[in-house]
Amino acid sequence: MFEILPGRGLVLPHRAGTLAYGTSERAAQWAVATLCDVRESWVCGLEWSFGATYQGLSLLVGGERAGGLDVVDLRRAVHPPLEPAAVPVVLDGVDVLGHPQDEVQEALASQLPYPDVKLWRSHLPGGYLDRVHLSSGRIRSSRAR
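So, a few notes on the structure that sits alongside this text. Note that the coordinates shown come from a computational prediction; the quantities given were computed from them, not determined experimentally.

It is worth spelling out the sheet that holds strand 4 (residues 38–40) at this point. If you walk across this open sheet you meet the 6 strands as 4-5-6-7-11-10, and the pairing is antiparallel. The sheet is open, and its two edges are formed by strand 4 and strand 10 (117–120), each paired on a single side. Averaged over all adjacent pairs, the angle separating strand axes in this sheet is 20 degrees, with direction ignored. Each of strand 4, strand 5 (48–54), strand 6 (57–64) and strand 7 (68–76) touches helix 1 (residues 25–33); the most contacted strand, strand 5, lies at about 10 degrees to it.

Our focus in this paragraph is the environment of His 14. Position of His 14 among the secondary structure elements: in the loop between strand 2 (9–11) and strand 3 (18–20). A C-alpha to C-alpha distance of 29 Å links His 14 and Arg 138, two positions 124 residues apart in sequence. Aside from chain neighbours lying at most four places away, what touches His 14 is Leu 35 and Tyr 54. Looking at His 14, its side chain comes within polar contact range of the side chain of Tyr 54, at 3.0 Å.

Moving on, we come to the packing of aromatic side chains. For the structure on display, the rule yields 2 aromatic pairs. Aromatic pair Phe 2 and Tyr 54: ring centres 5.9 Å apart, planes at 85 degrees, arrangement edge-to-face. One end of the pair, Phe 2, is in strand 1 (residues 2–5); the other, Tyr 54, is in strand 5, with 52 residues separating them in the sequence. Take Phe 2: its relative accessible area is 1%, and that puts it in the buried class. Of the residues examined, Tyr 54 reaches a relative accessible area of 11% and is grouped as buried. Consider the rings of Trp 48 and Phe 50, whose centres lie 6.1 Å apart with planes at 10 degrees: the pair is stacked. We classify Trp 48 as buried; its relative accessible area is 4%. With relative accessibility at 0%, the residue Phe 50 sits in the buried group. One cation-aromatic arrangement involves Lys 118 over Trp 120; the distance from NZ or CZ to the ring centre is 4.4 Å. One cation-aromatic arrangement involves Arg 131 over Trp 120; the distance from NZ or CZ to the ring centre is 4.2 Å.

Rules behind the numbers
- Residues numbered from 1 in each chain as written.
- Predicted model: local features only at pLDDT ≥ 70, side-chain atom pairs only at ≥ 80, totals over all residues.
- Heavy atoms only, no water.
- Pairing = 2+ DSSP bridges.
- Helix = DSSP H or I, 4+ residues; strand = E, 2+ residues; numbered from the N terminus.
- Axes fitted to C-alpha atoms, helices over the stretch in contact; angles between N-to-C directions.
- Contact = heavy atoms within 4.5 Å.
- Polar contact = N/O pair within 3.5 Å; in protein donor to acceptor, adjacent residues only side chain to side chain.
- Phe/Tyr/Trp six-rings, centres within 6.5 Å; stacked < 30°, edge-to-face > 60°.
- Buried < 20%, exposed > 50% of the residue type's maximum accessible area, 1.4 Å probe, protein only.
- Lys NZ or Arg CZ within 6 Å of the ring centre and 35° of its normal.

Following this line, the structure appears as structure tokens:
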């Protein structure tokens, strides 16, 4: 199970560790590598990034050398999202990729909005969420100055 920690990052399955905002590239790669193979990648606006695939979910992690981890992105590797993801991705006790998107929206409606968490809806009625994006906001705020 992945657990989203608003304002902090993402807990990895099987006690592999936490991808916390500010974590170094090396520590983040080490944690993810305990679950699956890690591949170097390139993302515009990030100084470092890498990707991995775990049980049908694509994971992208990136950040800046000085500031550490800024972005964690979980996306379904299979499209369209017409069924629950193979591994739970939990936010406030709700498996956001394990239930139809309308049910997830209803279950989380009473929660406070989290500025660092974005849930991407599928275009299909009755579909499941397609993607979860976490961002510390440091990159946007530092580049806006």
